[in-house]
Amino acid sequence: ERPTRQRMNRATAACGVSTLRTFSSRFARVSTVTARRGRMPASPDSPGTTVACATLSGGPDPVAFRFGLLADIQYTDVDDRCNHTGTQWRRYRNSLAVARNAIDYFNQSDLSFVLHNGDIIDHQCAFDFAKDEFKPKAEGLEQLGRVMRILSGSQCKDWMFTIGNHELYNFTAAELREGVTPEGCTLPFKCANDEGSFFFSRTPAPGWRVVVLNSYDVSIYSNGREQGLDVDALELLRKHNANVDKWVSDNPEVIQTERMSGTFPYFEGLEGLGNRWVPFNGGVGEEQLEWLKGQLSEAEANDERVIVFSHLLVHPETTANGSGRTLIWNYQDVLDAVEDERWGKNVAAVVSGHQHEGGLYTNDNGTHFVVMESPMLAEPGQPGPFCVVEASSGGLRMIGYGKGPNSKIFGTEEGEQYPPAEPMVKDLPLAPVEAKA
């Protein structure tokens, strides 16, 4: 059965939500907000959806750069169903319709880049759970092609793809590093930068730095599809999860078969934030952690704001009901780096995927921990979830759509129209950072 939908509690929201129709009157610093509307191209899975796109012009707080953002398309050609824990109703095929909507929306803005924050296709593209065996690799490539042919329609050709667990179920690490370009696609699916690293940084505009993390640096799946589990990561996981330890003891062949995620009750007996110690999560290695600290230190020295991207969640407060199920294994190490008093106020946001229901939390430094919702959870007739983010010295402005009226980022009140006539806005203000003499 479809899980019961609970309306989110907005009483603790730290940032205002509005539609663009009312935004300029509520926030005087915006001088002009314009919207353009266009019909989405038809899709075999869903009729076109009418959405509007907004651009800003003028004003005392100019936009430094814009980027497109979505996460967890996680497409596979199967019927709608609940996930194995019974907490989500997943509309796998409708993810393609949402992807089409996103591209049409992105194409109406001048974007510096677009980022997909992990899990582009589902585990089921690689593995037949009924037969307990890998599917032919051509099946996964064909389904990746259905997604990438849509994304190839993007006018912005500068795309970044972070590594999620489903990338590692479907592709080898070498393929993710070198890139995969299915037939008929002009945009390659590639998770590394030009130097072949899965974690890297770039400066999209003066005063800004973007940091991309590999939250599966330490992972049982770090080798990728059919390359065997990483033994060191597996031993680490066994120490923290008795269910995993027993499963591997009873089934030692899993090191070769990789038969772990979705196969046994690995949450059983776990409590609190200990729920993060499951096969589909991972960690940030020591080298990457030191690199992150170096990036943040440089940003502070250069008076730069930083946006960090990670598929896995970094802050416990953003996890569903505080469960910790979607956290980085060594989240505290990463969080300590991000919140370090020397540069914590320079970190504008940490943006994740992985937790399909989404999330949002703002810490005492004013850093916004954002979790994008998955297109799989988009309710029928809803264009999103996706957004364009505008970065300025005063804040980050997310302009787009959520998965439905109970979206944790773009939600609506009882009785309000959804989707709205114009895209919704989530304003994430930034505290001033004192410039160095």
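Per chain, residues are indexed from 1 in the order of the written sequence. Only residues with pLDDT of 70 or above have their local features reported here, since the model is predicted, and side-chain atom pairs are shown and tallied only from 80 upward, although totals for entire chains, interfaces and linings are computed over all residues. Side-chain figures throughout are based on the complete set of non-hydrogen atoms in the structure, without hydrogens or water.

1. Details of the environment of D194
As a reminder, the rule being used: A run of DSSP states H or I qualifies as a helix once it reaches four residues; a run of E qualifies as a strand once it reaches two. Both are numbered from the N-terminal end. Residue exposure (1.4 Å probe, protein chains only): buried if accessible area is under 20% of the type maximum, exposed if over 50%, otherwise partly exposed.
Along the polypeptide, D194 turns up in the loop between α5 (173-178) and β11 (200-202). We classify D194 as exposed; its relative accessible area is 72%. Sequence separation between D194 and R177 is 17 residues, and the spatial gap between their C-alpha atoms is 9.0 Å.

2. What about the packing of aromatic side chains?
Each aromatic ring pair is specified by the distance between its two centres and by the angle formed by the two planes. Filter applied, for reference: Aromatic pairing here means that ring centres of Phe, Tyr or Trp (its six-membered ring) are within 6.5 Å. Orientation follows from the plane angle: under 30 degrees is stacked, over 60 is edge-to-face, and everything else is tilted. Criterion for a charge above a ring: Lys NZ or Arg CZ within 6 Å of the ring centre, and within 35 degrees of the ring normal.
Scanning the model with the defined rule gives 24 aromatic pairs in all. When the ring of F67 is compared with that of F309, the centres are 5.8 Å apart and the planes differ by 90°; the resulting orientation is edge-to-face. Note that F67 is positioned in strand β4 (residues 63-70) and F309 in strand β13 (residues 305-309), a separation of 242 residues in sequence. In this structure F67 comes out as buried when scored by relative accessible area, which is 1%. Seen in terms of ring centroids, F127 and F129 are 5.2 Å apart; in terms of plane orientation they differ by 65°. Their pairing is edge-to-face. Residue classification places F127 among the buried residues on the basis of a relative accessible area of 6%. Judged by its relative accessible area of 30%, F129 falls in the partly exposed class. Each residue in the set F65, F67, F113, W208 and F309 is aromatic and connected to the rest through ring pairs, giving one cluster. Looking at R325, its charged tip hangs above the ring of F267, at a distance of 3.8 Å from the centre.

3. As for the packing of helix α9 (residues 286-301) against helix α10 (residues 331-338)
Applied cut-off: Angles run from 0 to 180 degrees between N-to-C directions of axes, and those axes are lines fitted to C-alpha atoms, restricted for helices to the stretch in contact. Here the angle decides the label: under 35 degrees means roughly parallel, over 145 means roughly antiparallel, 65 to 115 means roughly perpendicular, and every other value means oblique. Take the far helix as the reference: if the near one is turned anticlockwise from it by less than a right angle, the crossing is left-handed, and if turned clockwise, right-handed. Contacts are assigned to residue pairs that have any heavy atoms within 4.5 Å of one another. Gly is put with the polar residues, along with every residue not named as nonpolar or charged; the nonpolar set is Ala, Val, Leu, Ile, Met, Phe, Trp, Tyr, Cys and Pro, and the charged set is Asp, Glu, Lys and Arg.
Closest axis-to-axis distance for the α9/α10 pair is 9 Å, and the angle between their directions is 15°. Overall, the two elements α9 and α10 adopt an arrangement that is roughly parallel. As for how α9 packs across α10, the hand of that crossing is right-handed. Note on element contacts: α10 touches α9 through D333, V334, A337 and V338, opposite L289, L292, K293 and L296. Counted by class, the contact of α9 with α10 contains six nonpolar, no polar and two charged residues.

4. Some words on the pairing of strand β17 (residues 386-392)
Filter applied, for reference: In short, DSSP must find at least two bridges between two strands for them to pair.
Extensive coverage of β17 is indicated by the burial of seven of its seven residues. Judged by which residues are buried, β17 turns out to be covered on both faces: F386, V388, E390 and S392 on one side and C387, V389 and A391 on the other are all buried. Relative to β17, β4 runs antiparallel, the two sharing six bridges. Opposite R66, over in β17, you have E390 as the bridge partner. Sheet topology places β17 next to strand β18 (residues 395-401); seven bridges connect them, and they run antiparallel. Across the sheet, the residue bridging to V388 is I399, located in β18. The loop that links β17 with its antiparallel partner β18 comprises two residues.

5. Re the pattern of salt bridges
Note the threshold: One side-chain nitrogen of Lys or Arg within 4 Å of one carboxyl oxygen of Asp or Glu is enough to make a salt bridge.
Taken as a whole and assessed by the stated rule, the structure comprises 17 salt bridges. Its salt-bridge partner being R225, residue E226 comes within 2.8 Å of it at the nearest N-O pair. Between E290 and K293 there is a salt bridge, and its shortest N-O distance comes to 3.3 Å. Highlighted residues: E290 and K293, both in helix α9, separated by three residues, approximately one helical turn. Here the salt bridges share partners, and the residues they tie into one network are D77, D79, R93, E142 and R146.

6. Examining the sheet that holds strand β15 (residues 359-362)
Spatial ordering of the open sheet is given by β11-β12-β13-β14-β16-β15, a layout of six strands whose pairing is mixed. Each having just a single partner strand, β11 and β15 make up the two edges of the open sheet. The average angle at which neighbouring strand axes cross in this sheet is 15°, direction not considered. Its contacts with the sheet put α9 on β11, β12 (208-212), β13 and β14 (347-352), and the angle it makes with β12 is roughly 175°.

7. Some details on helix α6 (residues 231-240)
What counts here: To obtain the arc, one takes the directions from the helix axis to the C-beta atoms. Counting of polar contacts relies on pairs of N or O atoms within 3.5 Å, with two restrictions inside protein: one atom must be capable of donating a hydrogen and the other of accepting it, and residues adjacent in sequence are counted only when both atoms are side-chain atoms.
Taken together, the buried positions of α6 are A233, L234, L237 and R238. Here the buried residues of α6 occupy an arc of 140° about the axis, which is enough to place them on one side. Exposed and facing more than 90 degrees away from the buried side of α6 are D232 and K239. At its buried positions, α6 is contacted by α7 (242-250) and α8 (254-257). The N-terminus of α6 is capped by D230, whose side-chain oxygen sits 3.2 Å from the backbone nitrogen of D232.

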